[in-house]
Amino acid sequence: MDNDMDRDQAEELLHQYVKDEKMRYHCYASEAVMRAVARKLRWDEDKWGIAGLLHDIDSEITDKDPERHALEAIPILREHGLEEDVLDAIRMHNEEATGQERNKATQHALAAGETVTGLIYATALVYPDKKLRSVKPKSVRKRMKEKAFAASVNRDTVRECEYAGIPLDEFIELSLDAMKEIDRKIGLG
């Protein structure tokens, strides 16, 4: 990995810029999913895990303004030595700010990976115990079809996993399994 930043430094940077606990949970979940995606696709797991961890680093700076979100992250992350392909995927996880469409596997993977976390999280919260370990992939798949459930989760973005080379059912399962590994860290253990 050519990044000048290791995992601990990335987490420190996340904590410097993201104070909201739920947003941190989302970033940790996105990291776990991106690590699983990287393992599956034989990409650099550390590099793409850090991409997942830091993709929303500007969320509090931009107040999630869709016209600025992700763009403000780039100078911060470039200063800390992240590679251009990681910066590109982070910038493109919010197509609205760029006026461009995602066209690389890494862009699709990060967008799908960070989006599916919301669907999985919401699915866990409707279970009586609110624990990730209770959630089955078929439950997430069922919720994927219910447009009113977690309505802010863009199903088309989740389906972009297929542009990265992972079929939807497999993507849901690997994402859920990845999040289960850190369930306590993201408040669902």
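Note that the coordinates shown come from a computational prediction; the quantities given were computed from them, not determined experimentally.

Undergrad: Talk me through the overall build of the chain; I want residue IDs and the actual numbers.
TA: Across its full length, the chain carries 10 helices and zero strands. Its C-alpha atoms give the chain a radius of gyration of 15 Å, within 12% of the compact-globule value 16 Å for 189 residues. Principal axes of the C-alpha set define a box for the chain whose edges measure 45 × 35 × 30 Å. Partitioning the intrachain contacts of the chain with sequence separation of at least 6 by distance along the chain shows that 63% fall at a separation of at least 24. Accessible surface, the chain as shown: approximately 9100 Å² in total, 45% of it carbon and sulfur. Within the chain, the 39 negative side-chain charges are centred at a point lying 9 Å from the centre of the 30 positive side-chain charges.

Undergrad: An account of the packing of aromatic side chains is needed here, citing residue identities and associated values.
TA: Under the criterion given, the structure shown has one aromatic pair. Each ring, one from Trp43 and one from Trp48, has its centre 5.7 Å from the other, and the planes form 50°; the classification is tilted. We classify Trp48 as buried; its relative accessible area is 3%.

Undergrad: Before we move on, can you summarise unusual backbone geometry with the specific residues and values?
TA: Non-glycine residue Ala70 carries a positive phi angle of around 90°. On the secondary structure map, Ala70 appears in the loop between helix 3 (45–54) and helix 4 (73–79). A positive phi is found at Ala150, a non-glycine position, where the angle reads about 45°. Relative to the helices and strands, Ala150 resides in the loop between helix 8 (137–145) and helix 9 (155–158).

Undergrad: For the environment of Val18, give the residues involved together with the corresponding values.
TA: One can find Val18 in the loop between helix 1 (7–17) and helix 2 (21–41). Overall, the relative accessible area of 0% leaves Val18 in the buried class. Taking the C-alpha atoms as reference points, Val18 and Glu60, separated by 42 residues in sequence, lie 6.4 Å from one another. Leaving out residues up to four positions away in the same chain, Val18 has contacts with Met23, Arg24, Asp56, Ile57, Ser59 and Glu60.

Undergrad: How would you explain the side chain of Glu31 if you had to name every residue and give the values?
TA: Its place among the elements puts Glu31 in helix 2. Glu31 sits in the buried class, given a relative accessible area of 6%. Setting aside chain neighbours within four positions, we find Glu31 in contact with Arg7, Gly49, Gly52 and Leu53.

Undergrad: Give me helix 10 (residues 168–180): which residues, what numbers.
TA: Between the first and last C-alpha of helix 10 there are 18 Å, a value that for 13 residues agrees with the 18 Å anticipated at 1.5 Å per step. Those residues of helix 10 that sit buried are Leu168, Phe171, Ile172, Leu174, Ser175, Leu176, Ala178 and Met179. On its buried face, helix 10 sits against helix 2, helix 7 (105–125), helix 8 and helix 9.

Undergrad: Provide a residue-level description of the packing of helix 7 against helix 8, including the pertinent values.
TA: As a packed pair, helix 7 and helix 8 sit with axes 10 Å apart at the nearest point and diverge in direction by 110°. The orientation of helix 7 relative to helix 8 falls into the category roughly perpendicular. Counting all contacts with helix 7, which are made through Leu119, Ile120 and Thr123, the residues of helix 8 involved are Ser139, Val140, Arg143 and Met144. The residue inventory of the contact of helix 7 with helix 8, partitioned by class, reads four nonpolar, two polar and one charged.

Definitions and limits used
- Residues numbered from 1 in each chain as written.
- Predicted model: local features only at pLDDT ≥ 70, side-chain atom pairs only at ≥ 80, totals over all residues.
- Heavy atoms only, no water.
- Helix = DSSP H or I, 4+ residues; strand = E, 2+ residues; numbered from the N terminus.
- Rg over C-alpha atoms; globule rule 2.2 N^0.38 Å.
- Contact = heavy atoms within 4.5 Å.
- Areas by Shrake-Rupley, 256 points an atom, 1.4 Å probe, with all protein chains shown as cover.
- Lys, Arg positive; Asp, Glu negative; His and termini not counted.
- Charge placed at Lys NZ, Arg CZ, Asp CG, Glu CD.
- Phe/Tyr/Trp six-rings, centres within 6.5 Å; stacked < 30°, edge-to-face > 60°.
- Buried < 20%, exposed > 50% of the residue type's maximum accessible area, 1.4 Å probe, protein only.
- Expected span 1.5 Å × (residues − 1).
- Axes fitted to C-alpha atoms, helices over the stretch in contact; angles between N-to-C directions.
- Parallel < 35°, antiparallel > 145°, perpendicular 65-115°, else oblique.
- Nonpolar A, V, L, I, M, F, W, Y, C, P; charged D, E, K, R; others polar.

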